[in-house]
2 protein chains.
Amino acid sequence: MASIKDVAAAAGVSVATVSRVLNDHPSVSPDARARVLGAVESLGYRPNAVARSLRTHQTRTLGLVISDVLNPYFTELARSVEEEARALGYSVIIGNADEQPEIQDHHVRTLIDRRIDGLLVSPTDGGSPLMLEAARAGTPMVFVDRWIPGVDVPVVRSDGRAAVRDLVAHLHALGHRRLAIIAGPAATTTGSERVEAFREALAAYGIALPDAYIGQGDFQAESGRRATERFLALPEPPEVVFAADNLMALGALDAIRAAGLRVPHDIGLAAFDDIPWFVHTDPPVTAIAQPTKELGRAAVRALIDRIEGRPPQSVTLPARLVVRRSCGEPEPPSPTATPTPTATPTATTSTRRNP
Amino acid sequence: MASIKDVAAAAGVSVATVSRVLNDHPSVSPDARARVLGAVESLGYRPNAVARSLRTHQTRTLGLVISDVLNPYFTELARSVEEEARALGYSVIIGNADEQPEIQDHHVRTLIDRRIDGLLVSPTDGGSPLMLEAARAGTPMVFVDRWIPGVDVPVVRSDGRAAVRDLVAHLHALGHRRLAIIAGPAATTTGSERVEAFREALAAYGIALPDAYIGQGDFQAESGRRATERFLALPEPPEVVFAADNLMALGALDAIRAAGLRVPHDIGLAAFDDIPWFVHTDPPVTAIAQPTKELGRAAVRALIDRIEGRPPQSVTLPARLVVRRSCGEPEPPSPTATPTPTATPTATTSTRRNP
DNA sequence: ATCCTCCGTGTAATCGATTCCATGACGGTT
DNA sequence: AACCGTCATGGAATCGATTACACGGAGGAT
């Protein structure tokens, strides 16, 4: 593979001049520039990014460590991150932690070893020493979706509190009172926050959230199945199960089907994180949708701000409730009108901006 | 960030010795080794992968360029690729082409600029000049899933021919005769092959595949929707639509629902590529499942063989039909027996190994 | 005509590792 | 005692770029 020396030789100039042409430095004569460009063309020369990075101390690369690639939510996030990064002249290297802290650490370590310019993380746990150390050492970092409390790193995430309130209002209006949740790992912020939001929303209706109605999941399908089986085996099973992510909802659906029950007739189901497939499941699943694309974009911008020396900003975007049929039929189908919410806290399907 | 010089200074040895310790070269005294290791530890030193790559001409990194991250099939492939690569001591950088040749080329170019050791590609098109050039220039390369004919690069893929025959047998047994397909782009091998396999399987039953029953898609949901709308508008719409990938099947489902029709009552649906969600759609979708995980593993092994100087091998694994309910009820539910295929070509749901 | 400035260019240092080669110490043979 | 091979070690070249610095020539100001 041709190097800058070959180009210099072919163009009859020094490597310095070649480099100047390539980085369009002003003081290069038109003649030299033309000869260099010609040589570049005919040799098919491409600068070696490795050598360049060594010298310049920057790779124009971002690392993105996500909790689970098989989760459509993260996949969409990854896509939007890559898109925005590409638009701003950066590449991104994705690391999939598979919800395992050791794998997450492995990725963080290799990414830092490769001297990526900055790191986007959706932490699987409460914060490994490695990550804390990296943050303290000054690696530009931004948390997306999940974060680690007490670490001074900007967070880009969505706030589901209002949407969870809307969801509970919706369920209450349908007459449901025994409401259960499949939580994510308590070590993750999204794992504990969603339970708290749910509990608070329930409290507004004087409904308690007993321990038996809190299933412990790990954001993966299998755990949703197990938690749901346990709910179903209860003397008084819940009327609705709210899964804290879409994969656990899938597992719940499995368990419900395996038990020979039907949604929403025998039991209702709702999920955090909306995905295209929820429109087509049997029945369509009521879900809380995050503005995933915007989240990805905002995260990249925050990180690049940080990298390029501008002050980065934390961003919180609202999530919204999307009502479908998995918790029961919403209203007697009134042929004309928009569904009118009752006097409960705002139950709405519309997007909210600037909460 | 500490460099090898800092370590050398702290340990009171030369950088050469530090390097020897780190790459466990035999001739280092136990004493020197201990001092170096101590210094490494106390400085939190990590070798700079960029500098190392520059010197050694290897990055221990693989590039993976896939056609669409939002497609669960590719997502699963990517995951298995990364897993196997990690097990073998390599990292992988994923590039998402979004089915657009220019983006694909962008990724191939940046990956080569970073001097990845090898490239795994599932080409979006019939072969851009860039890719051809890269192959000819000797970049270690392996095609996964899709490939470019006439290029001397190993291919790891699955053969759906038998499964498509099984599918047609299944449809025929259910009494369906008007069968349509939503094809992928003709420029991709999977785009054209699946149509051919379908046409041949149909021919075995004396059924033709008229042009009106071939929808032109691009492997994305939206195109599946449009193609299906066109089918439904036909004077004699098909009885079953076979989508050449799962995303187009999703689009088809959208279109069918929008038209107020029901699957399989009004129209049947089958898809290439099975995914967990197909179990829970309304109705569960009959699909052809690829051994995705094995494909990913085999591709990585082939590529690393090529990189490390062993002769790489093309691999073809069989796909298999998974019958669900989207094309009609399979059999009158006979309480005991396994469903007995009629005298048609083998209709089976079992996994086949070594075809 | 002299001097200064600016411009285009080349030489060489540098980034952080690996590795070839030279060197000196040590131990074993003869 | 002389010689030789082995081993641990350090010096320095190298990978392929960027960039500070030096230098010569051209042009403008005086």
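Everything numeric here is computed off the predicted structure, so don't read it as measured data. (Residues numbered from 1 in each chain as written. Chains lettered and ligands numbered in written order. Predicted model: local features only at pLDDT ≥ 70, side-chain atom pairs only at ≥ 80, totals over all residues. Heavy atoms only, no water.)

Things to note about the overall build of chain A
Looking only at helices and strands, one finds twelve helices and twelve strands in chain A. For a compact globule of 355 residues, the expected C-alpha radius of gyration is about 20 Å, and chain A comes in at 26 Å, more than 25% above that figure. When the backbone C-alpha atoms are referred to their principal axes, chain A occupies close to 85 × 50 × 35 Å. Residue burial in chain A is summarised as follows: out of 355 residues, 52% are buried. In chain A, the proportion of contacts linking residues at least 24 apart, taken out of those at least 6 apart, comes to 71%. Only carbon and sulfur atoms are counted for the fraction: they give 53% of the accessible area of chain A, which is about 15,300 Å². (Helix = DSSP H or I, 4+ residues; strand = E, 2+ residues; numbered from the N terminus. Rg over C-alpha atoms; globule rule 2.2 N^0.38 Å. Buried < 20%, exposed > 50% of the residue type's maximum accessible area, 1.4 Å probe, protein only. Contact = heavy atoms within 4.5 Å. Areas by Shrake-Rupley, 256 points an atom, 1.4 Å probe, with all protein chains shown as cover.)

Re the packing of aromatic side chains
Residues and elements named next belong to chain A. Applying the stated criterion across every chain yields a total of six aromatic pairs over all chains. Considering the side-chain rings of F198 and F242, the 5.2 Å spacing of their centres and the 45 degrees angle between planes classify their relative orientation as tilted. Taken together, the residues span a long stretch of sequence, with F198 in helix α9 (residues 189-203) and F242 in strand β8 (residues 240-243) at a distance of 44 residues. What makes F242 buried here is its relative accessible area of 0%. Between R60 and the ring centre of Y90, over which it is positioned, the NZ or CZ distance is 4.4 Å. Positioned above the aromatic ring of F272 is the side chain of R194, whose terminal nitrogen or guanidinium carbon lies 3.7 Å from the ring centre. (Phe/Tyr/Trp six-rings, centres within 6.5 Å; stacked < 30°, edge-to-face > 60°. Lys NZ or Arg CZ within 6 Å of the ring centre and 35° of its normal.)

Details of the relation of the copies chain B and chain A
Of the two same-sequence chains, chain B is brought onto chain A (RMSD 0.0 Å, axial shift 0.0 Å) by a rotation of 180 degrees. Read as a symmetry element, the transformation amounts to a two-fold axis. Relative to the rotation axis, the C-alpha of T281 of chain B is the closest in chain B, positioned 1.9 Å from it. Taken together, the interface assignments show that 100% of the residues at the interface of chain B recur at the interface of chain A, consistent with an identical surface on both copies. (Least-squares fit on C-alpha atoms with pLDDT ≥ 70 in both.)

Section: helix α10 (residues 221-233) of chain A
Residue and element names in this part refer to chain A. In this model, α10 (13 residues) spans 19 Å end to end at C-alpha, consistent with the 18 Å of a helix rising 1.5 Å per residue. Turning to α10, its buried residues number three or more, namely S223, G224, A227, T228 and F231. Burial along α10 is one-sided: seen end-on, the buried residues are contained in an arc of 130 degrees. When the buried face of α10 is taken as reference, the exposed residues oriented beyond 90 degrees from it are R230 and A233. Of the surrounding elements, those touching the buried residues of α10 are β6 (179-183), β7 (214-216), β8 and α11 (246-258). (Expected span 1.5 Å × (residues − 1). Arc of directions from axis to C-beta.)

Re the environment of G38 of chain A
All names here are of chain A. Turning to its location among the elements, G38 is positioned in helix α3 (residues 30-43). By relative accessible area, which is 37% here, G38 ends up partly exposed. With 28 residues separating them in the primary sequence, G38 and A10 have C-alpha atoms 9.0 Å apart.

Describing the protein's contact with DNA strand C
R20 of chain A together with I4, S19, N48 and R55 of chain B are the nearest of the 27 residues found near DNA strand C. Across the atoms of DNA strand C situated within 4 Å of the protein, the share located in sugar and phosphate is 58%. R55 of chain A is positioned such that a nitrogen or oxygen atom in its side chain is 2.9 Å from a base oxygen of DNA strand C. Elements that contribute at least two residues to the surface near DNA strand C include exactly α2 (15-22) and α4 (49-56) of chain A together with α1 (4-11), α2 (15-22) and α4 (49-56) of chain B. Here the surface near DNA strand C takes five residues from α4 of chain B, the largest share from any one element. Classifying every residue of the surface near DNA strand C by side-chain character gives eleven nonpolar, ten polar and six charged. (Near = heavy atom within 4 Å. Polar contact = N/O pair within 3.5 Å; in protein donor to acceptor, adjacent residues only side chain to side chain. Nonpolar A, V, L, I, M, F, W, Y, C, P; charged D, E, K, R; others polar.)

Regarding unusual backbone geometry
Residue and element names in this part refer to chain A. Cis geometry is found at the peptide bond from V263 to P264, where omega equals -5 degrees. Checked against the element boundaries, P264 lands in the loop between α11 and β9 (268-272). A positive phi angle, near 70 degrees, is found at D145, a position not held by glycine. As for its placement among the helices and strands, D145 is situated in the loop between β4 (141-144) and β5 (155-159).

Some remarks on the interface of chain B and chain A
Across the contact, 51 residues belong to chain B and 51 residues belong to chain A. Of the roughly 4,500 Å² buried between chain B and chain A on both sides combined, carbon and sulfur atoms contribute 61%. Looking only at chain B, the three residues that lose the most surface to chain A are R115, W277 and H280 of chain B, adding up to 19% of its buried area. Inspection of the region where chain B meets chain A yields four salt bridges. Among the salt bridges present, the one from R79 of chain A reaches D98 of chain B, with a minimum N-O distance of 2.7 Å. Where chain B meets chain A, there are 19 residue pairs in polar contact (both at pLDDT 80 or more). Mapped by element, the contributors of at least two residues to the side of chain B that touches chain A are α4, α5 (72-87), β2 (91-96), α6 (101-113) and α11 (246-258) of chain B. (Buried area = accessible area lost by both parts, 1.4 Å probe. Salt bridge = Lys/Arg side-chain N within 4 Å of Asp/Glu carboxyl O.)

So, the protein's contact with DNA strand D
Within the structure, DNA strand D sits among 29 residues, and I4, S19 and R55 of chain A together with R20 and S27 of chain B are positioned closest to it. Within 4 Å of the protein, atoms of DNA strand D come from sugar and phosphate in 59% of cases. Contact distances for DNA strand D include 2.8 Å between a base oxygen and a side-chain N or O atom of R55 of chain B. Residue assignment for the surface near DNA strand D shows that the elements contributing at least two residues are α1 (4-11), α2 and α4 of chain A together with α2 and α4 of chain B.

Points about the domain arrangement of chain A
Note: interface size is frequently given as the accessible area lost on complex formation between the parts. Residue and element names in this part refer to chain A. Split by domain assignment, chain A resolves into domain 1 (4-47), domain 2 (61-157 + 294-316) and domain 3 (159-290). Measuring from the centre of the C-alpha atoms in domain 2 to the corresponding centre in domain 3 gives 28 Å. Counting from both sides, the interface comprises 18 residues of domain 2 and, opposite them, 16 residues of domain 3. Of the roughly 1,300 Å² buried where domain 2 meets domain 3, counting both sides, 51% is carbon and sulfur surface. Our enumeration of links across domain 2 and domain 3 arrives at two salt bridges. One salt bridge connects R157 with E193, and the closest N-O pair in it is separated by 3.4 Å. (Domains from an automatic or database assignment.)

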